[in-house]
Amino acid sequence: MSDGYVPRVNVISRLGAGVIGGVLGGVVLAAVLYFLDELQAYGRLVGQESTQNDFVVALFVCGFAGAVFGIFIGRFVTGQLIPAAGVGLVFGTVWYLVLQLIVLQIRGGSLLDMGKNGLIVLGAYVIFGAATAIMYSEFGPRRQYRRYRRRTGDYELEYVPRFRRSGSRSSSRRRRRRRDDDD
């Protein structure tokens, strides 16, 4: 295990990478919400409205969102940018629906109210989700794939092996051993 292989089930690595990705995406989200004058909802969430508290609470919530991303969705992100960005777009949209339209509206707003800048705020959350997923895919745990090549004629075929459960491989070894002993 010293060759840099990190298994996909390593929850602590996924959690840490998700928090880092969430905070980095949260900086972008907080900046956009600040310029749109929509950041005060985060301050109302804890009962203290000031710009510093708004930024801190927004980054904390985004770090939590990144942790949720890392734990539950991170196992499906394999280090490729385009699929990670797609997963992040969906994650940002879901996070907008849950956080902006429901949770932040509980204190001082009406539920499911998009407000005057609703689509721009939605775009900011989508960018947050994409930035979180891209940062996670770049700096998160990686799975090492071994590629095998076979030359046939004038071209090469490249195989990426399927991952098998350890029980199925050991039972096939037992079968081979029995056959070798029978001869």
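These figures come from a predicted structure and were not determined experimentally. (Residues numbered from 1 in each chain as written. Predicted model: local features only at pLDDT ≥ 70, side-chain atom pairs only at ≥ 80, totals over all residues. Heavy atoms only, no water.)

Enquirer: Teacher, can you tell me more about helix α3 (residues 51-73) here?
Expert: Along an α-helix, a turn takes 3.6 residues, which lines up residues three or four apart on a common side. Helix length check: α3, at 23 residues, gives a terminal C-alpha distance of 31 Å against a target of 33 Å (1.5 Å per residue), a fit within 8%. In this structure, the buried residues of α3 make contact with α1 (11-35), α2 (40-46), α4 (81-103) and α5 (118-139). (Helix = DSSP H or I, 4+ residues; strand = E, 2+ residues; numbered from the N terminus. Expected span 1.5 Å × (residues − 1). Contact = heavy atoms within 4.5 Å.)

Enquirer: Looking at this structure, how should I read the environment of Trp95?
Expert: Its place among the elements puts Trp95 in helix α4. Trp95 gets classed as buried once you look at its relative accessible area, which sits at 12%. Separated by 27 residues in sequence, Trp95 and Leu122 have C-alpha atoms that sit 9.5 Å apart. Beyond its immediate stretch of four places on either side in the chain, Trp95 contacts Val61, Phe64, Ala65, Gln100, Tyr125 and Phe128. (Buried < 20%, exposed > 50% of the residue type's maximum accessible area, 1.4 Å probe, protein only.)

Enquirer: Is there a simple way to think about a nonpolar patch on the surface in this case?
Expert: On the surface, Val90, Val94, Leu97, Val98, Ile102, Val103, Ile106, Leu111 and Leu112 cluster together to form a nonpolar patch covering roughly 810 Å² of accessible area. Position of Val98 relative to the elements: it lies in helix α4. When its relative accessible area of 40% is taken as the criterion, Val98 is described as partly exposed. (Patch = residues over 30% accessible without salt bridge, like charges linked within 9 Å, V, L, I, M, F, W, Y side chains within 5 Å. Areas by Shrake-Rupley, 256 points an atom, 1.4 Å probe, with all protein chains shown as cover. Salt bridge = Lys/Arg side-chain N within 4 Å of Asp/Glu carboxyl O.)

Enquirer: Can you walk me through α5 in this structure?
Expert: The end-to-end C-alpha separation of α5 is 31 Å, in line with the 32 Å expected for 22 residues at 1.5 Å each. Within the span of α5, buried status applies to Gly118, Val121, Ala124, Tyr125, Val126, Phe128, Gly129, Ala130, Thr132, Ala133, Tyr136 and Ser137. Contacts made by the buried residues of α5 are with α1, α2, α3 and α4.

Enquirer: Honestly, the packing of aromatic side chains in this entry has me stumped. Any pointers?
Expert: Two descriptors summarise a pair of aromatic rings, namely the distance from one centre to the other and the angle between the planes of the rings. Applying the stated criterion across every chain yields a total of 6 aromatic pairs. Both rings, one in Phe69 and one in Tyr136, keep their centres 5.6 Å apart while their planes meet at 80°; by these two values the pair is edge-to-face. Of the two residues, Phe69 is situated in helix α3 and Tyr136 in helix α5; the sequence distance between them amounts to 67 residues. The exposure class of Tyr136 is buried, given its relative accessible area of 2%. A centroid spacing of 6.0 Å and a plane angle of 20° characterise the contact between Phe91 and Trp95, whose relative ring orientation is stacked. Of this pair, Phe91 and Trp95 both sit in helix α4, 4 residues apart, roughly one helical turn. Classification of Phe91 as buried rests on a relative accessible area of 8%. (Phe/Tyr/Trp six-rings, centres within 6.5 Å; stacked < 30°, edge-to-face > 60°.)

Enquirer: What is the right way to look at the side chain of Asn117 in this model?
Expert: In this structure, Asn117 sits in the loop between α4 and α5. Reaching out from Asn117, the side chain makes a polar contact with the backbone oxygen of Leu36 at a distance of 3.4 Å. Leaving out residues up to four positions away in the same chain, Asn117 has contacts with Leu36 and Glu38. (Polar contact = N/O pair within 3.5 Å; in protein donor to acceptor, adjacent residues only side chain to side chain.)

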